[in-house]
2 protein chains.
Amino acid sequence: MRTLLTVARASATSSYFQQATIIRVRDAAVREAVHAASGQPYVGGDRGELLILVVDLHRNAVIRERAGAPLEPLERTYAFLQGCQDALIAGQSMVAAAESLGLGTCYLGSILGDPAGLITALGLPERTFPLLGLLVGHPAQEPQYKPRLPEQITVGIDSYPPLEEHDAELAAYDERVTEYYDLRDASRRVDSFTEQIARMVGQGRAAQAPVLDVLHRQRLCLR
Amino acid sequence: MRTLLTVARASATSSYFQQATIIRVRDAAVREAVHAASGQPYVGGDRGELLILVVDLHRNAVIRERAGAPLEPLERTYAFLQGCQDALIAGQSMVAAAESLGLGTCYLGSILGDPAGLITALGLPERTFPLLGLLVGHPAQEPQYKPRLPEQITVGIDSYPPLEEHDAELAAYDERVTEYYDLRDASRRVDSFTEQIARMVGQGRAAQAPVLDVLHRQRLCLR
């Protein structure tokens, strides 16, 4: 954890503004609150170290207030995106470092199932937002690599790669995904990638949480 | 580049929705357009490979449209944040891989100096957004490590770490930052960290660009 937190702090930061904060969850009651926000069973208990990656424009608001500088720039969407960049770049730096040490990691987007509850549980002030959770621990299994969309579809040269030009690749990819699920667990429902996108996007508590309302209440992304 | 693009595709993706696309800029005219959007001299010419990390909800919109599924979920802020996560996690995976290969990298937040112009130049459709640029190349110099805020200020245990409790650490950090700039270039203006935050936040073309308007025009972050 010492190494990982040092790696996080050493990561790139937009404009050198350092607009991210990490909450390391040690207390069982706080962990239970994150677990409740997430709704995912593997977030609770003591399954590895639990970190929360927080977009933090509050710290710089305090510094600017002391200097008599206006806070309005921190309410712009660009400032929020800078904070997202800082938080996620630090997070993925930790993931690369953790994996290089033989540890396993799991991002937790599900913590946004209850953003307001999470903000209360972690004592997060105005102008902060808990963007993503991260579990780090000793892996209990070595899962098979889950196939990704082919490069023709996700990488464009000089311009956007239209999906319509890659229908054959998409169909072949759908088959690979189906095969992957079949091998992993023959007893569960098997959806191809396109079936998952059609069925699952917008489902789940985080996708239905009032994320924008909470951002606005935190005085983020106001314009 | 082959390795780096494979690393990007192999990275974690929120809910397996794979909502990021990378544009690799090879054409001189397109590069000049990115350079113009950025306004930073080091973005132009042939200073390394130039990649644009794009939040991409368009691909899944096409897939859902074909399946007769509603597009509304893709207009929620949570979906946009999932795309930001995918794009930035892929980006930082590439950075870690590039550095492990002895290459140097530079993120380009400045491409948002003209988001609408960039969208046109890269032929980006509705529901996509160019979040961040990335330069990769053979480093011409080995810059000194730029000191970061101390861990007491940026990492909290179980709750948010109030800046007010760490004024001594902040003052010591300000001194370290001033020393760093003095050593780097004695002829330039030297600002401590807090002076930079007071003076620079909200400055620059990207911080003043109509980012939220452009996001809305792209049908992102609508609710």
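Everything numeric in this text was worked out from a predicted model, so none of it was measured.

Here we come to the relation of the copies chain B and chain A. Of the transformation superimposing chain B on chain A, the axial component is 0.0 Å and the angular component is 180°, with the fit at an RMSD of 0.0 Å. In symmetry terms, the pair is related by a two-fold rotation axis. A shared interface surface links the copies, since 100% of the contact residues of chain B are contact residues in chain A too.

Turning to the UniProt feature "domain: Nitroreductase" (unreviewed entry) in chain A, a few remarks are in order. Within the UniProt annotation, "domain: Nitroreductase" (unreviewed entry) is assigned to residues 3–138 of chain A. Structurally, residues 3–138 of chain A comprises 44% helix and 21% strand, and the distance from its first C-alpha atom to its last is 15 Å.

A separate point is the interface of chain B and chain A. The interface of chain B with chain A comprises 96 residues on the first partner and 96 residues on the second. Carbon and sulfur atoms make up 64% of the area that chain B and chain A hide from each other, which totals about 7,900 Å². The salt bridge involving A:E151 is made with B:R2; its shortest N-O contact spans 3.0 Å. Summed over the shared surface of chain B and chain A, the number is 48 residue pairs in polar contact (both at pLDDT 80 or more). Of the residues contributing to the side of chain B that touches chain A, the split by class is 58 nonpolar, 20 polar and 18 charged. As judged from the three bridges shared by strand β1 (residues 20–25) of chain A and strand β5 (residues 155–157) of chain B, these two strands associate in the parallel manner. Paired with A:R24 across the bridge in β5(B) is B:I157.

Residues and elements named next belong to chain A. Located in the positive-phi region is S15, a residue other than glycine, with phi close to 60°. Structurally, the position occupied by S15 is in the loop between α1 (2–10) and β1. With relative accessibility at 42%, the residue S15 sits in the partly exposed group.

Scanning the model with the defined rule gives 20 salt bridges over all chains in all. The salt bridge involving B:D167 is made with A:R66; its shortest N-O contact spans 2.9 Å. Here B:D167, found in helix α7 (residues 167–184), pairs with A:R66, found in helix α3 (residues 58–67), and the two come from separate chains. Residue classification places A:R66 among the partly exposed residues on the basis of a relative accessible area of 46%.

Within this structure, the stated rule accounts for eight aromatic pairs over all chains. Plain terms: the ring middles of B:F80 and B:F129 are 6.2 Å apart, the flat faces sit at 75° to each other, and that makes the pair edge-to-face. Highlighted residues: B:F80 in helix α4 (residues 77–100) and B:F129 in strand β4 (residues 128–137), separated in sequence by 49 residues. Since its relative accessible area comes to 2%, B:F80 is described here as buried. Relative to B:F193, the ring of B:Y173 lies with its centre 5.5 Å away and its plane at 65°, an arrangement referred to as edge-to-face. Of this pair, B:Y173 sits in helix α7 while B:F193 is found in helix α8 (residues 193–200), placing the two residues 20 residues apart along the sequence. Of the two residues, B:Y173 and B:F193, both sit in the buried class. Feature note: the residues A:Y16, B:Y173 and B:F193 constitute an aromatic cluster, connected by ring pairs. It is A:K146 that lies over the ring of B:Y16; its NZ or CZ is 4.2 Å from the centre.

Residues A:F80, A:F129, B:F80 and B:F129 are the most contacted members of the largest nonpolar core, which totals 149 residues. In contact with A:F80, other than residues within four places in its own chain, are A:V55, A:L57, A:F129, A:L215, A:L220, A:C221 and B:L81.

Turning our attention to α7(B). Along an α-helix, a turn takes 3.6 residues, which lines up residues three or four apart on a common side. Its 18 residues give α7(B) an end-to-end C-alpha distance of 26 Å, which sits within 8% of 26 Å, the value for a rise of 1.5 Å per residue. For α7(B), the elements touching its buried residues are α3 of chain A together with α6 (151–154) and α8 of chain B.

The next subject is the environment of B:A12. Tracing the backbone through its elements, the reader meets B:A12 in the loop between α1 (2–10) and β1 (20–25). Judged by its relative accessible area of 33%, B:A12 is partly exposed. Separated by 103 residues in sequence, B:A12 and B:P115 have C-alpha atoms that sit 26 Å apart. Filtering out sequence-adjacent residues up to four positions away, B:A12 remains in contact with A:Y107, A:R148, B:D86 and B:I89.

Strand order across the open sheet formed by five strands is β5(A)-β1(B)-β2(B)-β4(B)-β3(B), with mixed pairing between neighbours. Each edge of the sheet is formed by a strand with only one pairing partner; in this case those strands are β5 (155–157) of chain A together with β3 (104–108) of chain B. Each strand axis lies, on average, 25° off the axis of its neighbour in the sheet, ignoring direction. In this structure, strand β2 (residues 49–56) of chain B lies alongside β4(B), joined through eight bridges in antiparallel fashion. Note on β4(B): the bridge partner recorded for B:V55 is B:F129.

Any two packed helices are characterised by the angle at which their axes cross and by the distance between the axes. Residues and elements named next belong to chain A. In the contact formed by helix α7 (residues 167–184) and helix α8 (residues 193–200), the axes pass within 7 Å of each other and the chain directions differ by 85°. Judged on the interaxial angle alone, α8 and α7 are roughly perpendicular. Contacts from L170, Y173, D174, V177 and Y181 of α7 reach α8 at F193, T194 and Q196. Of the residues assigned to the contact of α7 with α8, the class counts are five nonpolar, two polar and one charged.

A word on the sheet that holds strand β2 (residues 49–56) of chain A. Sheet strands line up and pair through hydrogen bonds in the backbone, either parallel or antiparallel. Judged by pairing direction, the sheet is mixed, and its five strands sit side by side in the order β3(A)-β4(A)-β2(A)-β1(A)-β5(B) without closing on themselves. Here the strands that pair on one side only, and so sit at the sheet edges, are β3 (104–108) of chain A together with β5 of chain B. In this sheet, adjacent strand axes meet at a mean angle of 25° when their direction is disregarded. Taken together, the five bridges between β3(A) and strand β4 (residues 128–137) of chain A define a ladder with antiparallel strand orientation.

Turning next to helix α2 (residues 28–38) of chain A. Residues and elements named next belong to chain A. Along α2, the residues that are buried comprise V30, R31, V34, A37 and S38. Considered in projection along α2, the buried side chains sweep an arc of 120° and stay on one side of the axis. For α2, the exposed residues set more than 90 degrees away from the buried face come down to A28 and A29. Where α2 is buried, its residues touch β1, β2, α5 (115–121), β4 and α9 (205–208). For α2, the side-chain oxygen to backbone nitrogen distance between the N-cap and A29 is 2.9 Å, and the N-cap itself is D27. Note on α2: the residue one or two positions beyond its end, G39, has a positive phi of about 75°.

Thresholds, definitions, all that
- Residues numbered from 1 in each chain as written.
- Chains lettered and ligands numbered in written order.
- Predicted model: local features only at pLDDT ≥ 70, side-chain atom pairs only at ≥ 80, totals over all residues.
- Heavy atoms only, no water.
- Least-squares fit on C-alpha atoms with pLDDT ≥ 70 in both.
- Contact = heavy atoms within 4.5 Å.
- UniProt positions renumbered as here; feature names shortened; annotations may be inferred.
- Helix = DSSP H or I, 4+ residues; strand = E, 2+ residues; numbered from the N terminus.
- Buried area = accessible area lost by both parts, 1.4 Å probe.
- Salt bridge = Lys/Arg side-chain N within 4 Å of Asp/Glu carboxyl O.
- Polar contact = N/O pair within 3.5 Å; in protein donor to acceptor, adjacent residues only side chain to side chain.
- Nonpolar A, V, L, I, M, F, W, Y, C, P; charged D, E, K, R; others polar.
- Pairing = 2+ DSSP bridges.
- Buried < 20%, exposed > 50% of the residue type's maximum accessible area, 1.4 Å probe, protein only.
- Phe/Tyr/Trp six-rings, centres within 6.5 Å; stacked < 30°, edge-to-face > 60°.
- Lys NZ or Arg CZ within 6 Å of the ring centre and 35° of its normal.
- Core = buried A, V, L, I, M, F, W, Y, C linked by side-chain atoms within 4.5 Å.
- Expected span 1.5 Å × (residues − 1).
- Axes fitted to C-alpha atoms, helices over the stretch in contact; angles between N-to-C directions.
- Parallel < 35°, antiparallel > 145°, perpendicular 65-115°, else oblique.
- Arc of directions from axis to C-beta.

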